[in-house]
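Examination of the molecular architecture
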Amino acid sequence: MRGLRTALVEQRDFAFGTSSRSSRLLHGGIRYLAQGRIGLVHEASVEKTILHRIAPHLAAPLPFVFPTFRQNPKWKLWQLMFGVKLYDLLCGGRNLGSSSWMDARETVESVQGLSADGLKGAVRYFDGLTNDARLVLDTLRSASDHGAVLLNYARFTSGKREEMWRCEIEADTRFTIQTRTVVNATGPWADGLPHSAVQLRLTKGIHLVVERSRLPVSDAIVMTEGSRILFAIPWGERTILGTTDTDYDGSLSEVFADPDDVNYVLRIANAHFPSAKLCVDDVISAWAGLRPLIADRKGRPSDISRSHEIKSPEPNWWDVAGGKLTTCRLMAEQTVDRLIAATELPRSACSTADEPLLSSVTFSGITPPEITPEAVRHFCQHEWARHLDDVMIRRTSWHYYHRDAAELAIQVSTWMAEVLGWDAGVTAEELRRYQGLPRVTGAQTRR
Ligand SMILES: Cc1cc2nc3c(=O)[nH]c(=O)nc-3n(C[C@H](O)[C@H](O)[C@H](O)COP(=O)(O)OP(=O)(O)OC[C@H]3O[C@@H](n4cnc5c(N)ncnc54)[C@H](O)[C@@H]3O)c2cc1C
């Protein structure tokens, strides 16, 4: 779009990393407002409204009800009342909806099953709900329409700076790409790449999916524990619960919700909705992701800044790290601005804030598409799906949405086999790989 020739390599599937494991919110971050990070909130709030404009199918206005309780003095109603009005203004005065507040009686009437014990009232404000992996995929489809070359299952292994950068790539075969500039945008992996100067602190966050009928929220609900906040987010016929924020030093590729995480989230949800009596058996699915936070070894994980950093430690090598899903477009714009300024590349203005992400939308949205052979054919032929989990998880979220995902995967594998020419051996291997994905475990608290 700005006259540069661009290629992107991804070591696994597109959106394999954190960008398919978030809370799926486009938000300024009401929590950061409480920490006084006005600039960060303003930046992300404006981006939230831009994504709503350029990709409305992936940015639905979502009201949040934030109740306050006598037992938790960290969150005071009067402060939140002031905060949500400021929050509206930080979007440039055009938030996705206008904020308001309720007294305790109005709050229990509006939020079915919410604990009335110590309830003081609530504020109601707006953010956006997205589908993180679809946002990545539709951004890539847009990039591809504009001439970018995209390769999944292709890993950058090393780079050598000569007149150009010679980058070694390991895919089905090994090959070299010669390029003027390299951008290291590898999230939690960013500090491990050769030539990287990034320093990260990783924290893990998990989410659980339960039937909406088990926690029938119509607005997203903010649940608090001390200064931490968690969400119950309506997602079609399901409710998403999350998240946690704990330091992490395990495998980057295999990140799971462990029993302590699951029990913690259920405990907080049950404290706010005591009659729900949610237990592990209610959990349809879970995901876990790593926040690639700019290192600050001191301080609690939830206090570390979510801002991003763009740095060039070597000529024509750029590290882009930190940030949020909500600010992905802005991070890309600023990175390209910086690398154009540092080279003799032709200058041109960025137009991604104004152009629709896609001219026509097929099989993409916030909730999963219908389960059809046509959808599966589309993902294989037009969205680079190569493995069963590419379709089940990142193209569709069927894996997270459907309790019978394992049986569904058998049907999907036969459709993929037809399109991709898999024989019986490959199909069986794909099913084995899919069935090896982690299941939800936790202390068995029964209803
Ligand atoms: C629990 C949780 C909840 C969150 N919720 C929200 C939210 O609601 N809203 C929000 O705005 N933000 C949220 N975030 C933050 C947001 O998800 C992340 O900031 C964002 O997804 C990071 O994207 P990324 O591209 O930097 O990293 P990733 O999405 O991890 O992408 C990096 C990619 O690089 C690939 N890679 C690594 N090494 C190589 C290599 N050598 N060669 C090729 N490819 C490589 C990886 O496979 C990976 O897919 C959340 C984060 C977490 C953990």
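Residues numbered from 1 in each chain as written. Predicted model: local features only at pLDDT ≥ 70, side-chain atom pairs only at ≥ 80, totals over all residues.

Close to the ligand lie 32 residues, the nearest being Gly17, Ser19, Ser23, Gly187 and Gly205. Every element with two or more residues in the shell around the ligand is listed here: β7 (155-161) and β16 (283-294). If one sorts the elements of the shell around the ligand by residue count, β16 sits on top with four residues. Class assignment of the residues belonging to the shell around the ligand gives a composition of eleven nonpolar, 14 polar and seven charged. (Near = placed C-beta within 6 Å. Helix = DSSP H or I, 4+ residues; strand = E, 2+ residues; numbered from the N terminus. Nonpolar A, V, L, I, M, F, W, Y, C, P; charged D, E, K, R; others polar.)

Let us now look at the packing of helix α11 (residues 405-420) against helix α12 (residues 424-435). Where α11 meets α12, the axes come as close as 10 Å, and the angle between the chain directions of the two elements is 145 degrees. As for how α11 packs across α12, the hand of that crossing is right-handed. Contacts from Ala406, Ala409, Ile410, Ser413 and Ala417 in α11 reach Thr427, Glu430, Leu431, Tyr434 and Gln435 in α12. (Axes fitted to C-alpha atoms, helices over the stretch in contact; angles between N-to-C directions. Left-handed = near helix turned anticlockwise from the far one by under 90°. Contact = placed C-beta atoms within 7 Å.)

Along its sequence, the protein chain is carved into domain 1 (7-14 + 133-199 + 304-342) and domain 2 (373-435). Summarising the inter-unit geometry, the C-alpha centres of domain 1 and domain 2 are found 28 Å apart. Across the contact, eight residues belong to domain 1 and seven residues belong to domain 2. Of the residues forming the side of domain 1 that touches domain 2, the biggest block, three residues, is contributed by helix α5 (residues 132-145). Taken together, the residues of the side of domain 1 that touches domain 2 sort by class into five nonpolar, one polar and two charged. (Domains from an automatic or database assignment.)

Now for the packing of helix α9 (residues 388-395) against α11. Two numbers describe how α9 lies on α11: the axes approach to 9 Å, and their chain directions differ by 125 degrees. When the interaxial angle is binned, α9 and α11 end up oblique. The handedness of the crossing between α9 and α11 is right-handed. Touching Leu388, Val391 and Met392 of α9 are Ala405, Ala409, Val412, Ser413 and Met416, all from α11. Taken together, the residues that form the contact of α9 with α11 break down as seven nonpolar, one polar and no charged. (Parallel < 35°, antiparallel > 145°, perpendicular 65-115°, else oblique.)

Before going further, it helps to examine helix α2 (residues 38-54). Compared with an ideal rise of 1.5 Å per residue, which puts 17 residues at 24 Å, α2 spans 24 Å between its outermost C-alpha atoms and is within 8% of the ideal. Of the residues making up α2, those classed as buried are Leu40, Val41, Glu43, Ala44, Ser45, Glu47, Lys48, Leu51 and His52. On the buried face of α2, the contacting elements are β2 (25-26), α1 (30-34), α3 (77-90), β5 (119-129) and α7 (328-342). (Expected span 1.5 Å × (residues − 1). Buried ≥ 20, exposed ≤ 12 C-beta atoms within 10 Å, placed from the backbone.)

Strand pairing in a sheet relies on backbone hydrogen bonds. The paired strands run either parallel or antiparallel. Strand order in the open sheet made by the three strands is β10-β18-β17, with mixed pairing throughout. Looking along the sheet, the strands with just one partner apiece sit at the ends: β10 (182-184) and β17 (308-314). Here the strands of the sheet are splayed against their neighbours by 20 degrees on average, with no regard to which way each runs. Here β10 runs beside strand β18 (residues 317-322); their pairing, made up of three bridges, is parallel. When the sheet's bridge partners are listed, valine 182 is paired in β18 with tryptophan 317. (Pairing = 2+ DSSP bridges.)

We now examine the environment of arginine 53. Tracing the sequence through the fold places arginine 53 in helix α2. For arginine 53, a count of 14 C-beta atoms within 10 Å corresponds to the partly exposed category.

Attention now goes to the confidence of the model for the protein chain. Chain-level statistics for the protein chain give a pLDDT mean of 94 and a share of 96% at 70 or above. Here residues 443-447 is modelled with pLDDT under 50, and outside its nearest four sequence neighbours on either side it reaches ten contacts, counting other chains as well. (pLDDT = per-residue confidence, 0-100.)

Moving on, we get to the environment of aspartate 354. With respect to the secondary-structure elements, aspartate 354 resides in the loop between α7 and α8 (373-382). Assessed through the 9 C-beta atoms surrounding it within 10 Å, aspartate 354 is described here as exposed. Aspartate 354 sits 26 residues away from cysteine 380 along the chain, and the two C-alpha atoms are 29 Å apart.

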